[in-house]
Amino acid sequence: MGIWKRIAVAGILAAGLFSPCLADSTAKTELTTISLASNVSTIGAGEDFWLMLHLQLQPGWHTYWQNPGDSGMAPSIDWVMPPGFSAGSIHLPPPERILIDSLVNYGYHSQAYLLVPVTPSRIQGNNASFSATAHWLVCKDICIPESATVDITLPVAERSIESVQRPAIGAQLAKLPKTVETPIPYRADDGTVTFDIPMHSLGLENPTLVTLLPVDNEIISNSATPQITQENGSLTVSVKRGSLAPLPQFTLWAGFADNSQPASTKFFAFTLKRETAAAPAPFAHPQSATDTDITFAAALLLAVLGGIILNVMPCVLPVLALKTLALSKKSHGNRAMIFRQGLAYTAGVMVSGALLAAILIGLQTGGEAVGWGYQMQSPLFVLFLAYLMFLVGLNLSGAYVLPTVLGNVGSSFTQKENSAGSLATGILATLVATPCSAPFMAPAVGFALTLPPLQALAIFLALSFGLALPYLLISIIPALIAWLPKPGGWMITFRQFLAFPMYATAAWLLWVLAQQTGPNGLLAGLLGCILLAFTIWLYPRLERLSTPGRILSLLALIALCLIPFTWVSKTDVLPASQGEQAEIFSLEKLEQLRTQGVPVFVNATAAWCITCKYNERAALDSSEVKARMKEQNIAYLKADWTQRDAHITQYLASFGRRGVPLYVYYPPYREPILLPQLLTKKKVLQTLQNP
Amino acid sequence: MFKSIRLSFIPALASAFLLSLSSAQAAPVIGQPAPDFTATDSAGKTISLKDQRGKIVILEWKNHECPFVRKHYESGNMQALQNYAKEKGAIWLSITSSAPGKQGHVSAKQANDIAQGQNAQPTSIILDENGALGRLYNAKTTPHMFLIAADGRLSYMGAIDDKPTTYASDIKTARNYVKEALDSLLAGKPVETPSTASYGCGIKY
């Protein structure tokens with residue numbers, strides 16, 4: 001070739017490089033011809049435009065939609081774009097349903113159009129080149145994956161200019177569905193997905209549903225025929241579920257033929273949201289293994305009984321024992337006085353009981369997630385109770401003596417009338433009773449909190465009455481007093497002995513505090529108790545100071561003792577702990593396990609709940625129950641209510657309960673079974689027996 | 001449009017009905033006992049699911065010519081998974097449900113030769129040319145994976161991993177659902193993702 005020819009060829013080739021229309025905007029693979037076009041021939045600065053990939057397939061072959069259906073693959077594009085341009089996702093017009101044997105695919109025969117919106121945010125230079133490497137799957141009876149790269153270069157200017165492909169691209173864009181903003185609720189129960197389409201929102205005159213195209217695969221079955229009923233402008237659709245668990249939300253295209261315009265099918269894109277009913281499936285009416293429906297009268301009786309039994313709990317027993325023994329000293333005194341003391345004590349108990357109840361009920365009416373044990377969820381209250389028990393213990397040990405006007409816990413050697421003292425003792429008895437629970441108390445109190453305020457108050461009063469009853473009886477019936485042992489020196493020893501149950505209760509309360517706030521909280525509590533003891537020891541030695549000095553010192557000491565409270569309130573509340581086999585309870589987890597058909601055992605417990613601890617020890621943590629749970633792949637969820645947890649309170653409330661313990665067993669795909677509040681190994685094994 | 005679907009649904013309905021007569025449970029459900037079956041493998045042995053109780057069983061639907069299956073075999077991914085599962089004491093059944101004359105259909109000898117050539121060592125290769133086993137499990141694609149726990153309950157069904165493409169380069173960044181499910185079962189924990197939409201070529205029934 002002569003040099004001039006070479007220059008000419010080079011020149012033509014060079015010209016080709018700069019020519020905007022000669023880019024490889026078309027490519028051919030074995031089964032497809034693919035071409036890239038734009039709806040603008042010149043890009044306008046800041047104006048969005050569309051690029052479209054057109055796939056022309058060999059006859060008999062098809063390619064896929066964004067949800068390919070039972071098999072296949074959605075197309076994808078890797079873009080190379082200049083800086084300042086960004087491509088949106090691929091928009092595909094509504095596909096055909098392609099049936100192969102029993103499989104359903106969504107795709108296109110002959111022609112497929114992939115529409116991509118492009119946003120120019122910042123433009124440099126006069127030209128913009130776009131390179132698309134597309135990957136798609138072409139199938140007939142067999143499938144062949146294909147890919148190709150196509151390019152387009154477009155000039156950039158102030159304003160855009162339409163291209164000749166604009167009408168063709170516009171026609172494809174017009175087929176895209178109209179998005180319906182408001183989500184439609186759907187139910188997924190007993191194997192079908194059901195929802196209502198509000199026809200009036202579509203703006204069509206006389207629409208008929210002709211096709212459903214799920215964008216999210218396998219929520220509904222691709223091959224099942226939907227059941228459609230039309231009623232009062234609302235269309236109810238019910239389709240068999242797919243193989244996947246229903247999502248909280250999924251997208252569905254619905255195609256309608258408008259009978260007034262028979263030619264075209266109009267598509268709408270709906271968002272379907274899973275309906276959460278007021279009582280969702282996992283909480284449907286439980287088949288109760290025990291009668292939790294006690295009548296009001298029965299609850300009152302149980303409350304009185306519970307109150308009586310409370311007297312023998314380690315928190316209350318010392319108070320009662322000493323108070324009772326003090327009566328034996330007065331056995332020579334007049335019965336009327338003794339009776340008055342008994343009444344004063346009862347009044348003290350019932351008034352403070354009513355006050356506590358009023359606070360609980362008031363909080364509940366005010367919307368707080370209150371349950372029995374609510375007060376125990378507060379580390380501050382737990383610390384307060386620990387202090388109280390420790391202080392009472394110290395008094396019993398003889399570390400200090402309370403002024404008689406306040407009413408010594410049983411160390412009154414006087415025969416003076418001391419109704420105020422009895423009243424105060426009654427209040428003390430109620431206070432120390434709060435952390436203790438007794439059998440029969442829980443059902444009665446739990447029931448009480450579900451009742452209207454007045455009835456709830458009545459049950460709490462019955463409980464208080466039961467608490468006061470033993471002492472009241474003794475003060476009324478002289479014969480009982482005669483039974484009491486004669487006073488003697490042994491009383492001092494006995495009194496000192498009774499300090500120890502109080503210390504034990506304080507220790508338990510500090511353990512609860514440790515569960516709630518960790519080792520730091522425990523340290524705060526322990527230091528607080530030491531400071532209390534120190535204050536008590538130091539105070540008498542301050543008598544040498546002048547009165548203001550004494551008061552100031554006392555105040556300083558009290559302030560010291562209060563510091564642990566601030567410490568405890570600042571420490572991080574610990575996450576709920578669980579044993580090795582248990583998982584942390586959450587409503588989502590329960591729901592998830594239930595949809596998977598996993599049997600679930602829920603144990604709602606709290607660190608301060610003695611009944612719960614007993615049940616865990618006796619039944620739930622036993623090797624037989626653990627083995628049975630492992631064998632049957634039962635998921636063990638622990639709902640730890642030691643700390644305030646509104647979700648757990650709500651869960652308890654869904655069973656009509658206001659406190660712990662609560663034991664629920666969910667057999668796979670069946671209604672939950674409620675277990676009694678006092679468990680035996682046999683009962684648990686029996687319930688877990690039949691899945 | 002729905003009318004035409006109903007018509008072509010009839011053969012599928014009929015076979016499903018017939019299947020339901022032959023087995024206690026016609027559809028696989030996570031958490032429920034996996035449908036029991038008895039089949040003949042490429043070595044002529046009879047394999048029955050209930051005899052495998054006490055061992056984890058993995059079902060893999062295969063069509064050696066499908067590009068999605070080839071992605072996992074040519075990269076060695078499927079073979080590695082088979083060996084890993086067998087090391088952990090699981091039974092691996094490689095099943096072909098392609099009908100005679102359709103892509104992927106193999107005779108016993110062909111199946112064995114192909115496996116040997118690929119260095120694939122499933123416990124057994126099952127030839128399901130009448131598609132009964134495939135339909136029993138609602139298997140739709142190749143590959144389509146099922147994991148059955150030692151107590152016979154279905155613990156996983158769906159895709160082999162979360163990248164539904166034909167590119168081998170996607171394997172290393174993909175989340176392998178089968179391996180995850182297997183590891184969970186071995187550790188005695190519940191399977192995190194028990195069900196996914198499978199991907200691949202349609203099974204050529």
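Whatever comes next refers back to the structure up there.
Keep in mind that this is a model prediction, so the values were computed, not measured. (Residues numbered from 1 in each chain as written. Chains lettered and ligands numbered in written order. Predicted model: local features only at pLDDT ≥ 70, side-chain atom pairs only at ≥ 80, totals over all residues. Heavy atoms only, no water.)

**Q** Go over the pairing of strand β7 (residues 145–148) of chain B with me, naming the residues and quoting the values.
**A** The side chains of a regular strand alternate between the sheet's two faces. Residues and elements named next belong to chain B. Residues Met-145 and Leu-147 point to one face of β7 and Phe-146 and Ile-148 to the other, with burial holding for every one of them. Note that strand β3 (residues 57–61) and β7 share four bridges and pair antiparallel. Paired with Val-57 across the bridge in β7 is Ile-148. The pairing of β7 with strand β8 (residues 154–158) spans four bridges and is antiparallel. (Buried < 20%, exposed > 50% of the residue type's maximum accessible area, 1.4 Å probe, protein only. Helix = DSSP H or I, 4+ residues; strand = E, 2+ residues; numbered from the N terminus. Pairing = 2+ DSSP bridges.)

**Q** Describe in detail the interface of chain B and chain A, supporting the description with residues and values.
**A** The interface of chain B with chain A comprises 36 residues on the first partner and 36 residues on the second. Buried area between chain B and chain A, both sides added, is near 2900 Å², and the carbon and sulfur share of it is 59%. Here chain B and chain A share three salt bridges between them. Measuring nitrogen to oxygen at the nearest pair gives 3.3 Å for the salt bridge that ties Asp-70 of chain A to Lys-140 of chain B. Between chain B and chain A we count ten residue pairs in polar contact (both at pLDDT 80 or more) in total. The leading source of residues in the side of chain B that touches chain A is helix α1 (residues 2–22) of chain B, at six residues. Broken down by class, the residue content of the side of chain B that touches chain A amounts to 19 nonpolar, eleven polar and six charged. (Contact = heavy atoms within 4.5 Å. Buried area = accessible area lost by both parts, 1.4 Å probe. Salt bridge = Lys/Arg side-chain N within 4 Å of Asp/Glu carboxyl O. Polar contact = N/O pair within 3.5 Å; in protein donor to acceptor, adjacent residues only side chain to side chain. Nonpolar A, V, L, I, M, F, W, Y, C, P; charged D, E, K, R; others polar.)

**Q** Describe in detail unusual backbone geometry, supporting the description with residues and values.
**A** Geometrically, the link from Thr-142 of chain B to Pro-143 of chain B is a cis peptide bond, its omega value of -5° lying close to zero. In this structure, Glu-218 of chain A is a non-glycine residue whose phi angle is positive, near 70°. With respect to the element layout, Glu-218 of chain A can be found in the loop between β17 (207–214) and β18 (227–231). For Glu-218 of chain A, a relative accessible area of 6% corresponds to the buried category. In the Ramachandran plot, Asn-633 of chain A falls in the positive-phi region, its phi being about 55° despite a non-glycine side chain.

**Q** Which residues make up the sheet that holds β3 of chain B, and what values do they have?
**A** All names here are of chain B. Strand order in this open sheet of five strands is β5-β4-β3-β7-β8, and the pairing throughout is mixed. A strand with exactly one partner marks an edge of an open sheet, and here the two such strands are β5 (124–127) and β8. With strand direction ignored, the average angle separating the axes of adjacent strands in the sheet is 15°. Relative to strand β4 (residues 91–96), β3 is paired through five bridges, and the arrangement is parallel. Looking at β4, one finds that Ile-58 is bridged to Trp-92. (Axes fitted to C-alpha atoms, helices over the stretch in contact; angles between N-to-C directions.)

**Q** Before we move on, can you summarise a negative patch on the surface with the specific residues and values?
**A** A cluster of acidic residues, Asp-189, Asp-190, Asp-196 and Glu-275 of chain A, forms a negative patch on the protein surface. Topologically, Asp-189 of chain A is positioned in strand β15 (residues 184–189). (Patch = residues over 30% accessible without salt bridge, like charges linked within 9 Å, V, L, I, M, F, W, Y side chains within 5 Å. Areas by Shrake-Rupley, 256 points an atom, 1.4 Å probe, with all protein chains shown as cover. Lys, Arg positive; Asp, Glu negative; His and termini not counted. Charge placed at Lys NZ, Arg CZ, Asp CG, Glu CD.)

**Q** Before we move on, can you summarise the packing of helix α15 (residues 623–631) of chain A against helix α17 (residues 681–689) of chain A with the specific residues and values?
**A** Residue and element names in this part refer to chain A. One can describe the packing of α15 onto α17 by two numbers: an axis separation of 10 Å at closest approach and a directional angle of 10°. The orientation of α15 relative to α17 falls into the category roughly parallel. Contact residues: Glu-624, Val-625, Arg-628 and Met-629 in α15; Lys-681, Val-684, Leu-685, Leu-688 and Gln-689 in α17. The residue makeup of the contact of α15 with α17, split by class, is five nonpolar, one polar and three charged. (Parallel < 35°, antiparallel > 145°, perpendicular 65-115°, else oblique.)

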